[in-house]
Amino acid sequence: MLMYKILRKVYRKAVEFLKERDVVLSYARKSYSQEGEDILLERLFFGEDNGFYVDVGSHHPFRYSNTYLLYKKGWRGINIDAMPGSKRLFDRFRPRDINIEVGISNFIGSVEYYMFESSALNTFSKSLAEEYVRDGFRLVGTRIVNVMPLSLVLDKYMPEGEKISVMSIDVEGEDMKVLQSNDWNKYRPKVILIEILGVGSIEHLMQTEEFRFLQEKGYGLFAKTVSTAFFRDLASL
């Protein structure tokens, strides 16, 4: 009898704990991005359930993804990543999307691709790869990977009549080459979010090549996380 009473008490405590946990979780918001970028995008495009994105350096269908939360809401888009084997994973878990395995640069050719144990660090930048190694990250190998301009990829894969609402760029230090390779007269996302490494303050950000380039293209800065800057097409306001 004593054991029965003890078990009943433990059971009641467990039920109370689970109920309290469910209450707490009901106020939580799920994010798949590294710094909550997808929550900001969800807020910015609130009520829009069928937009289109282009994710350059998409990395993984869920992990550190700036677009998966939008995908869950009904959006679709183009995911582009240079990592060998990445397309297979995206085809499995993001079948509504167009998934492309290629590097993006400002020319057509092939480049050495540095691959790390933590694949989010994979990069075409030799200097950045060497910096990561000095910081203790393990380089597992290199591969020669084909690259091409973003404009050519979009010319080939953009659905006819579709407009880009969001472009996410996260390519470990090679973002200027991505920006330079787009046709800005033809493909103008409403919002661009771009990882710019080593930039802390807004003042520092405003001195970067990326900021000046996008400003010249008619985009204005309107938000920032630790490493990601958000720009909006001023003509679409």
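Only a predicted model underlies this, so the values are computations on that prediction, with no experimental measurement involved.

Caption draft 1: Region of the structure containing the sheet that holds strand E2 (residues 76–81). Spatially, seven strands are ordered E3-E2-E1-E7-E8-E10-E9 in an open sheet, and the strand pairing comes out mixed. On the outer flanks of this sheet lie strand E3 (98–101) and strand E9 (219–224), each paired with one strand and no other. For this sheet, the mean angle separating the axes of adjacent strands, direction not counted, is 15 degrees. Pairing analysis gives five bridges linking strand E8 (residues 191–195) to strand E10 (residues 228–233), with the strands arranged antiparallel. The residue bridging Glu 195 from the neighbouring strand is Thr 228, located in E10. In this fold helix H6 (residues 150–157) packs onto strand E1 (52–56), E2, E3 and strand E7 (166–169), with an angle of close to 140 degrees to the strand it touches most, E2.

Caption draft 2: Structural detail: H6. Within H6, the full set of buried residues consists of Leu 150, Ser 151, Val 153 and Leu 154. Here the buried residues of H6 occupy an arc of 160 degrees about the axis, which is enough to place them on one side.

Caption draft 3: A look at the nonpolar core. Counting residues in each nonpolar core, the largest one holds 32 residues, and the members touching the most others are Val 54, Val 56, Ile 80, Leu 154 and Ile 169. At the level of elements, E1, E2, H6, E7, helix H7 (175–180), E8, helix H9 (209–216) and E10 are the ones that each hand at least two residues to this core. Here Val 54 is in contact with Ile 78, Ile 80, Leu 154, Met 158, Ile 164, Val 166, Met 167 and Ser 168, once residues within four sequence places are set aside. Leu 41, Phe 45, Trp 75 and Leu 193 belong to the second largest nonpolar core, which has 14 residues in total.

Caption draft 4: Structural view of the sheet that holds strand E5 (residues 109–116). Strand order in the open sheet formed by three strands is E4-E6-E5, and the pairing between neighbours is mixed. Each end of this open sheet is capped by a strand with a single partner; those strands are strand E4 (103–104) and E5. Here eight bridges tie E5 to strand E6 (residues 139–148), and the two strands are oriented antiparallel to one another. Note that in E6 the partner of Phe 116 across the bridge is Leu 139. Packing against the sheet, helix H5 (residues 126–134) makes contact with E5 and E6, and its axis sits at approximately 10 degrees to E5.

Caption draft 5: Here's a closer look at the environment of Arg 143. If you trace the backbone, Arg 143 turns up in strand E6. Distance from Arg 143 to Phe 124, taken between C-alpha atoms, is 9.8 Å for residues 19 residues apart in sequence. Once residues within four sequence positions are removed from consideration, Arg 143 is found in contact with Pro 84, Val 111, Glu 112, Tyr 113 and Met 115.

Rules used throughout
- Residues numbered from 1 in each chain as written.
- Predicted model: local features only at pLDDT ≥ 70, side-chain atom pairs only at ≥ 80, totals over all residues.
- Heavy atoms only, no water.
- Pairing = 2+ DSSP bridges.
- Helix = DSSP H or I, 4+ residues; strand = E, 2+ residues; numbered from the N terminus.
- Axes fitted to C-alpha atoms, helices over the stretch in contact; angles between N-to-C directions.
- Contact = heavy atoms within 4.5 Å.
- Buried < 20%, exposed > 50% of the residue type's maximum accessible area, 1.4 Å probe, protein only.
- Arc of directions from axis to C-beta.
- Core = buried A, V, L, I, M, F, W, Y, C linked by side-chain atoms within 4.5 Å.

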